Amino acid sequence: MSDRVLTVSSSPHIRSKQTTMSIMRDVLIALAPASILSIVFFGWKSLLLIAICIVSCIAAEAAMQKFMKKPITVGDLSAAVTGLLIALNLPINAPWWVALIGSVFAITIVKQLFGGIGFNFVNPALAARVFLVASWPTHMSGSAYLPADAVSSATPLAIWSGESAGELPSILQMFLGNGVYGCIGEVSAAALILGGIYLIIRKVITPVIPLGYLGTVAVFSLIAGLGFDGMLFQLFAGGLMLGAIFMATDYVTSPATPLGQLIYAIGCGLMTCIIRFYGGYSEGVMFSILFMNIASPLIDKYIRAKKYGEVKKNA
Amino acid sequence: MVTKRATFKGGIHPAYNKHYTESLNIEDMAPVKQVVIPMAMHIGAPCSPVVNKGDKVKMGQLIGKAGGFVSANIHSSVSGVVAAVEKRLTSDGQMTMCVVIDNDFEDTPCDEIKSHDIERLTKEDIKEIIASAGLVGLGGATFPTHVKLAPPEGTKIDHVILNGAECEPYLTSDDALMKEYPEKVIGGLKIIMKLLDQQKGYIGIESNKPAAIAAIEKLADETIEVYTLDTKYPQGSEKHLITAITGREVPSGALPSAVGCVVSNTATAASVYDAVMNGKPVYERIVTVTGSGIKTPKVLKVRIGTMISEIIEFCGGLTDDAKKVILGGPMMGFAQYTTDVPATKGTSGILCLNAKDAAIQEPSNCIKCAKCVGACPMHLMPMYIAAYSQKLDYDKAAEYNALDCIECGSCAYVCPAKRPLVSAIRVAKREITAKRKKEQEAKK
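Values in this document were obtained by computation on a predicted structure and should not be read as measured data.

Q: Give a detailed account of the interface of chain B and chain A, specifying residues and quantitative values.
A: Chain B puts 68 residues into the contact, and the matching count from chain A is 40 residues. Buried surface at the junction of chain B and chain A, both sides included, amounts to about 4400 Å², of which 53% is carbon and sulfur. Linking chain B with chain A are 2 salt bridges, by the criterion used here. Between A:K307 and B:D404 there is a salt bridge, with the nearest N and O atoms lying 2.7 Å from each other. Put simply, chain B and chain A have 32 residue pairs in polar contact (both at pLDDT 80 or more) between them. Of all elements in the fold, only α6 (238-246), β16 (322-327), β17 (334-336), α10 (371-375), α11 (382-390), α13 (410-414) and α14 (421-443) of chain B reach the threshold of two or more residues within the side of chain B that touches chain A. It is β16(B) that contributes the most residues to the side of chain B that touches chain A, 5 residues altogether.

Q: Could you give me a rundown of the pattern of salt bridges, with the residues and numbers involved?
A: All names here are of chain B. This structure, assessed with the given rule, holds 25 salt bridges over all chains. Between R426 and E407 there is a salt bridge, with its nearest N and O atoms 2.8 Å apart. Taken together, the residues span a long stretch of sequence, with R426 in helix α14 and E407 in the loop between α12 (394-399) and α13 at a distance of 19 residues. Relative accessible area serves as the criterion here: at 24%, R426 is assigned to the partly exposed category. Through salt bridges with shared partners, a single ionic network connects D107, K184, D274, K280, E284 and R303.

Q: Describe the pairing of strand β15 (residues 298-303) of chain B, listing the residues and the values that go with them.
A: Residue and element names in this part refer to chain B. Counting buried positions along β15 yields 5 of 6 residues, so the element is predominantly enclosed. Both strand β2 (residues 26-28) and β15 contribute to a ladder of 3 bridges, which runs parallel. Bridging across to β15, I26 finds its partner in V299. Relative to β15, strand β14 (residues 284-290) is paired through 6 bridges, and the arrangement is antiparallel. Among the inter-strand pairings, T288 is bridged to a residue of β15, identified as V299.

The rules we used
Residues numbered from 1 in each chain as written. Chains lettered and ligands numbered in written order. Predicted model: local features only at pLDDT ≥ 70, side-chain atom pairs only at ≥ 80, totals over all residues. Heavy atoms only, no water. Contact = heavy atoms within 4.5 Å. Buried area = accessible area lost by both parts, 1.4 Å probe. Salt bridge = Lys/Arg side-chain N within 4 Å of Asp/Glu carboxyl O. Polar contact = N/O pair within 3.5 Å; in protein donor to acceptor, adjacent residues only side chain to side chain. Helix = DSSP H or I, 4+ residues; strand = E, 2+ residues; numbered from the N terminus. Buried < 20%, exposed > 50% of the residue type's maximum accessible area, 1.4 Å probe, protein only. Pairing = 2+ DSSP bridges.

Pasting the structure below:
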């Protein structure tokens, strides 16, 4: 007994099994259906883009941390998640070097320079997409979305907004994603919803942000007079599902309380609709989430949890 | 008697691990040669020893006199001879004044241990008995019972509640007590009801103790309401038990009596019964000895002052890979660096964990997942309080209501980054309290 060294630590002495790594692994699993469908719809080049982004994100993180003499934390898989999200937000014709530069930008500039995981002020994958769209617009829009065997001419939102001519796919097509053009991971609403349900079941996310975001877009669409089909079209089109389920729910850049999250989600939905319906840009998800990312510390400052036993009169 | 379901908002669902001991009967711990009884094992002023080295003492005899109103008498747990009155190491890590008694193995009871006729006792008599018997909250908080049962003047009490939640994982002491001695639990509740002029009494038990619920229900008459509580940690927190049963929230910084409630642990109620009916002071308690690090888990009736090491030996000893010994439960208990400390009135459990269960994971960056916000039963924002505490910005931590934290550990339990949230918040609470005290003194 006397020679045994007992561990002493502060309570609690038990911890849940969920870790940062297990959460990131769950996000990767949840993105698997959309990733697999991107390869089915767009071919092997999708796989190549995914591989380039994931590998360069991990490599960039490791290199940056080594350079800054910090512990290397690529094992938490957060860089892999960022990489996969960047890839799924690329058009199929994006060149390999665009994928690489976007990944390095997301990890080194947006994530590591601000302090690494937990300290980025906007979603790194989204910031990378904005950076790429602004830097190489020709590689990130228009014909960049069209595979070699394309039968249509543009993304559904571009057609709907009148930016491009062409025939809109059916709502069922939009839901499943077959024959729809867009970023490689955003075309199948069904695959993304499946991933979202998995994340909710695994308690990685709560439904507040996705439902608040999608609900706002749905209500706005009906109010704007788009009708029921028009509303479904808006929900399934473009990056909304990918954004509402996987990007807006990024912990670091969304508020902490359920009420704060609802405000944030409604903000995302309103901005998306305003940009889509009245703006000059056919897709609004990316900018809406980035804007609300920046607003989220402000939301957290004012919307705090209402504590137990808050001053109550004659309870 | 009506059974109702109730719960509160927030909280967590840890692995309960009650299987080690939940089917066991209470067993008497073998008598030991010597007991070391600390003079401070309750909240409040320490006791002053009233015996000297060489004195003969009887079982149940007063050996430490309460050091004030908020304090509780201490009695000998064996009969024998006082071997020493000196400072010894206790489970709080301090050197505490202790009365060391050599056991003569006779268990000669003192004169006070005799049955009373409850009908002939006045309320004042009952209060006096409870105070002199050294009763404290046996759930682990060890707040003197006579203080709790004397709500401040002018407060109207309408709910007397017994806490049978036992929400700490692993522990089954209260469960065993309710199954084996339901008459003492209910008898104790009725005495408390009489004391506080209540027509009704309430008992809350978590749904994972069906046998205890059945045993209590069987004896509960129409004056007792049994509530089946959702199995969720920290359901046994006084505030959350009140909320579950009455729907009321205890205001920040106030006592349960502010919302008309008095809450006692079931084990405390049983000790009220023992004291009032049989004149028996608190000199023994039920202890769950459990976990992956003990050879034979047991639920034991242990004399106060028995060394933890002897209790562990009685349970077959620690396993070869045992790495941690915790007094209390895994959520709020205290890890010990040595087992050479005595069991006290607050020792509800001895949890022994093997190396795997005791492994400490390295903390990583907060990813602001806000799981702690959802888990906090006080509805605070633990991640911000802890972050400000670690940046030494205690004013900001106070602004985020650090002082309302009940240190239940739910936040640290759910944290995927394994951050030491509770420890950081504890530091903030201490600093804030110290600063306020200083400011108050400066005003004088």
